[in-house]
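Structural overview for review
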Amino acid sequence: MSVNLWQLESRLNELLRPERFSDYCPNGLQVEGSHSVNKIVSGVTACQALIDAAIEQDADMLLVHHGYFWRGEDQALTGMKRRRVQSLLNHQINLFAYHLPLDVHPEFGNNVQLARLLEIEVEGVLDERSSNPLVFHGRLKRPMSHAEFCAHLAANLGRNPVAVAGRTATIESIAWCTGAAQNYIDYAVTGGVDAYLTGEISEPSAHIARETGLHFFSAGHHATERYGVQALGKLLADEFHIPHQFVDIDNPA
């Protein structure tokens, strides 16, 4: 069974409402391919390895979190970018990318999906006055020590986090934002939670955590953002009765 491209685009934009976001890149259809979609491949980043996997699986649509045309990057289609786009065009593969709209979606978003995986009850957002609230907060369903939560992350995400121990003996309340959100640590500090979880760490992160008593966990940009596209791809597959395959191209970052 195949689906019209514009039906898929309409449904995705209805779900994610990209027009609400001031983002670092265009959200939605970035590269147009076949107008008839028979199979979806999803992944975190539209790298060449993921494109090659989509070609091998004879997919007509690639759904990712990290696409192309980021603010401030060179606009010329040369080198690596040319090869990627040419591969998509040569094989008539549509590239859909949703960045911030996928991070914060209340059902399919990276933050919510990560919370479900890690058994965190979502209570709200800490940066509610922001135009794009991204920092979620909630409570662990089972309070854990710093070491126990490190092991919990490793078991569920398949990698050991970079971690800084905080002041409390157990972690009950937690704030989190997937990806490169280490600079939002201040929201966790002022929000009074026990811990902050994100994908990356910067030099100031450890000092802030130590001096404020906050437990800090950097669990990987890629590792924390694998789940939104999977949930969204599955929804499209179920609604439109077409195959969907998530392809995990490993990334140590």
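So, a few notes on the structure that sits alongside this text. Treat the numbers as computed from the prediction; the structure is a model and nothing was measured.

The helix and strand tally for the protein chain stands at ten helices and 13 strands. For the protein chain, the C-alpha atoms occupy an extent of roughly 55 × 35 × 35 Å along the three principal directions. Evaluated residue by residue, the protein chain yields a buried proportion of 53% over its 253 residues. The long-range share in the protein chain, meaning contacts at least 24 apart out of those at least 6 apart in sequence, stands at 65%. When the accessible surface of the protein chain is summed, it comes to about 11,500 Å², and 48% of that surface belongs to carbon and sulfur atoms. With 19 positive and 30 negative side-chain charges, the protein chain shows a separation of 1 Å between the mean positions of the two kinds.

Our focus in this paragraph is the pattern of salt bridges. Under the criterion given, the structure shown has eight salt bridges. Two residues, E14 and R11, come together in a salt bridge whose shortest N-O distance is 3.0 Å. Of the two residues, E14 and R11 both sit in helix α1 (residues 5-16), three residues apart, roughly one turn of that helix. Taken together, the salt bridges that share partners define one network made up of R11, E14 and E239.

On to the pairing of strand β12 (residues 215-218). The side-chain alternation of β12 yields two buried faces, one formed by H215 and F217 and the other by F216 and S218. Bridge count for strand β9 (residues 162-164) against β12 is three bridges, and the pairing is antiparallel. In the strand pairing of β12, V164 is matched with F216. Summarising the sheet, strand β11 (residues 195-198) and β12 pair through four bridges and their orientation is parallel.

Looking at the element boundaries, T224 is found in helix α9 (residues 221-224). In this structure the side chain of T224 is engaged in a polar contact, spanning 3.2 Å, whose partner is the backbone oxygen of H221. Contact partners of T224, with chain neighbours within four places excluded, come to N110, L114, L157, T178, G179, T198, G199 and A219.

Another point: the nonpolar core. Across soluble globular proteins, you tend to see nonpolar side chains buried next to one another. With 38 residues, the main nonpolar core has F149, I174, W176, Y196, L197 and F217 as its most contacted residues. Broken down by element, this core gets its largest block of residues, five residues, from strand β10 (residues 171-177). Ignoring any residue separated from it by four or fewer positions in sequence, one finds F217 in contact with H146, F149, C150, L153, V162, A163, I171, A195, Y196, L197 and T198.

The pairing of strands in a sheet comes from backbone hydrogen bonds and takes either a parallel or an antiparallel form. Strand order in the open sheet formed by five strands is β2-β6-β5-β4-β13, and the pairing between neighbours is mixed. The two strands at the open ends of the sheet, each matched to only one other strand, are β2 (28-31) and β13 (244-246). On average, adjacent strands in this sheet sit at an angle of 30° to one another, irrespective of strand direction. Examined bridge by bridge, strand β4 (residues 40-45) and β13 share three bridges and lie parallel to one another. Its bridge partner lying in β13, S42 is registered against F246.

Turning next to the packing of helix α5 (residues 110-118) against helix α6 (residues 146-157). In the contact formed by α5 and α6, the axes pass within 10 Å of each other and the chain directions differ by 110°. As summarised for this structure, α5 and α6 are arranged roughly perpendicular, according to the angle between their axes. Seen from α5, the contacting residues are L114, L117 and L118; seen from α6, they are H152, L153, N156 and L157. In terms of residue class, the contact of α5 with α6 is made up of five nonpolar, two polar and no charged.

Turning to α1, a few remarks are in order. Relative to the 16 Å expected for twelve residues at 1.5 Å per residue, α1 spans 17 Å between its end C-alpha atoms, a close match to the ideal helical length. Regarding α1, the residues found buried are L5, L8, L12, L15 and L16. Down the axis of α1, the buried set is contained in an arc of 100°. They therefore lie on one face. Residue N4 occupies the N-cap position of α1, its side-chain oxygen lying 2.8 Å from the main-chain nitrogen of W6. With its phi angle positive at about 45°, R17 sits one or two positions after the end of α1.

By the secondary structure assignment, D194 is in the loop between α7 (185-191) and β11. Nearest to the buried, unbridged D194 among oppositely charged side chains is R139, at 5.7 Å. For D194, the side chain forms a polar contact with the main-chain nitrogen of E172, separated by 2.9 Å. Those residues in contact with D194, other than ones at most four positions away along the chain, are T168, T170, I171, E172, S173, L214 and H215.

How each quantity is defined
Numbering of residues starts from 1 in every chain and runs along the sequence as written. Totals for whole chains, interfaces and linings use all residues, but because this is a predicted model, local features are given only for residues with pLDDT of at least 70 and pairs of side-chain atoms are given and counted only at 80 or more. Only hydrogens and water are set aside; all other atoms, that is, all heavy atoms of the structure, feed into the side-chain values. Secondary structure elements follow DSSP: runs of H or I of four or more residues count as helices, runs of E of two or more count as strands, with numbering from the N terminus. Using a 1.4 Å probe on the protein chains alone, a residue whose accessible area is under 20% of its type maximum counts as buried, one over 50% counts as exposed, and one in between counts as partly exposed. Contacts between residues were defined by any pair of non-hydrogen atoms, one from each residue, lying within 4.5 Å. In these tables, accessible area is a Shrake-Rupley quantity obtained with a 1.4 Å probe, and a residue counts as shielded only by the protein chains included in the view. Lys and Arg are tallied as positive, Asp and Glu as negative. Neither His nor the chain termini are counted. Taken as the charge location is NZ of Lys, CZ of Arg, CG of Asp or CD of Glu. Salt bridges are counted wherever a side-chain nitrogen of Lys or Arg sits within 4 Å of a carboxyl oxygen of Asp or Glu. A pair of strands counts as paired when DSSP detects no fewer than two bridges linking them. Whenever two N or O atoms come within 3.5 Å, that pair is a polar contact, provided that in protein one can donate a hydrogen and the other can accept it, and provided that, for residues adjacent in sequence, both atoms are side-chain atoms. Among the buried residues, those of types Ala, Val, Leu, Ile, Met, Phe, Trp, Tyr and Cys that are joined through side-chain atoms within 4.5 Å form a nonpolar core. For every element, the axis is a line fit to its C-alpha atoms; helices are fit only across the contacting stretch, and the angle between N-to-C directions ranges from 0 to 180 degrees. Note on terminology: angles under 35 degrees are roughly parallel, angles over 145 are roughly antiparallel, angles of 65 to 115 are roughly perpendicular, and the others are oblique. Charged means Asp, Glu, Lys or Arg here, nonpolar means Ala, Val, Leu, Ile, Met, Phe, Trp, Tyr, Cys or Pro, and polar covers whatever is left, Gly included. Given a helix with a known number of residues, its expected span is that number minus one, times 1.5 Å. Relevant arc is that of directions from the helix axis to the C-beta atoms, nothing else.

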